[in-house]
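Chain residues, written in single-letter form:
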Amino acid sequence: MNIDKLNEFDVLTGFRFVEAHEQTAECSDGGIENVITLHFENDNHVAVDVDFIDGEPHISELYAVDDNGKKI
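Just so it is clear, the model here is predicted, and its values are computed rather than measured.

This paragraph deals with the overall build of the chain. Across its full length, the chain carries 0 helices and 5 strands. Taken from N to C terminus, the helices and strands of the chain fall in the order β-β-β-β-β. Referenced to the eigenvectors of the C-alpha coordinate spread, the extents of the chain come out at roughly 40 × 30 × 15 Å. Considering only contacts in the chain between residues 6 or more positions apart, those separated by 24 or more positions represent 23%. Taken as a whole, the chain presents about 5,200 Å² of accessible surface, with 48% of it coming from carbon and sulfur. Treating the 4 positive side-chain charges of the chain as one cloud and the 17 negative ones as another, the clouds have centres 7 Å apart.

Right, dumping it as structure tokens:
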């Protein structure tokens, strides 16, 4: 990961870590890749996920969640 891109994680300011899980996903070339997802939420029922695919972070758009953390 390029250290110059660390400011991408600024979006996580004010969020708390909730859970992590691993899954597999099919790549565009037909291969299978392991994906690690870190899920964050804040006190305003807003969440964001950070997926690590092949070691590279991919930060989702912010989205609303209910009191149980389920996407609305």
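In the sheet, strand β1 (residues 16-26) pairs with strand β2 (residues 32-41) via 10 bridges, with the strands oriented antiparallel. Looking at the pairing, Ala25 lines up with Glu33 of β2. Two successive antiparallel strands, β1 and β2, enclose a turn made up of 5 residues, where Gly30 displays a positive phi of approximately 95 degrees. Pairing analysis gives 7 bridges linking β2 to strand β3 (residues 46-53), with the strands arranged antiparallel.

This next bit is on the environment of Asn34. Looking at where Asn34 falls in the secondary structure, it is placed in strand β2. A relative accessible area of 44% means that Asn34 is categorised as partly exposed. As for Asn34 and Gln23, which are separated by 11 residues in sequence, their C-alpha atoms are 5.8 Å apart.

Let us now look at the pattern of salt bridges. Scanning the model with the defined rule gives 1 salt bridge in all. A salt bridge links Arg16 to Asp43; its shortest N-O distance comes to 3.1 Å. Of the two residues, Arg16 sits in strand β1 while Asp43 sits in the loop between β2 and β3, which places them 27 residues apart along the sequence.

Attention shifts here to the pairing of β3. Here β2 folds back onto β3, and the loop between the two strands holds 4 residues, one of which, His45, carries a positive phi near 60 degrees. Two strands pair when backbone bridges link them, and β3 and strand β5 (residues 63-64) are joined in this way by 2 bridges, in the antiparallel orientation. Within β5, the residue paired with Ala47 across the bridge is Tyr63. Across 4 bridges, the pairing between β3 and strand β4 (residues 56-59) is antiparallel. Its bridge partner being in β4, Phe52 is matched across the sheet by Pro57. Hairpin geometry of β3 and β4 is characterised by an intervening segment of 2 residues between the two adjacent antiparallel strands and by a positive phi of about 55 degrees at Asp54.

What counts and what doesn't
Residues numbered from 1 in each chain as written. Predicted model: local features only at pLDDT ≥ 70, side-chain atom pairs only at ≥ 80, totals over all residues. Heavy atoms only, no water. Helix = DSSP H or I, 4+ residues; strand = E, 2+ residues; numbered from the N terminus. Contact = heavy atoms within 4.5 Å. Areas by Shrake-Rupley, 256 points an atom, 1.4 Å probe, with all protein chains shown as cover. Lys, Arg positive; Asp, Glu negative; His and termini not counted. Charge placed at Lys NZ, Arg CZ, Asp CG, Glu CD. Pairing = 2+ DSSP bridges. Buried < 20%, exposed > 50% of the residue type's maximum accessible area, 1.4 Å probe, protein only. Salt bridge = Lys/Arg side-chain N within 4 Å of Asp/Glu carboxyl O.

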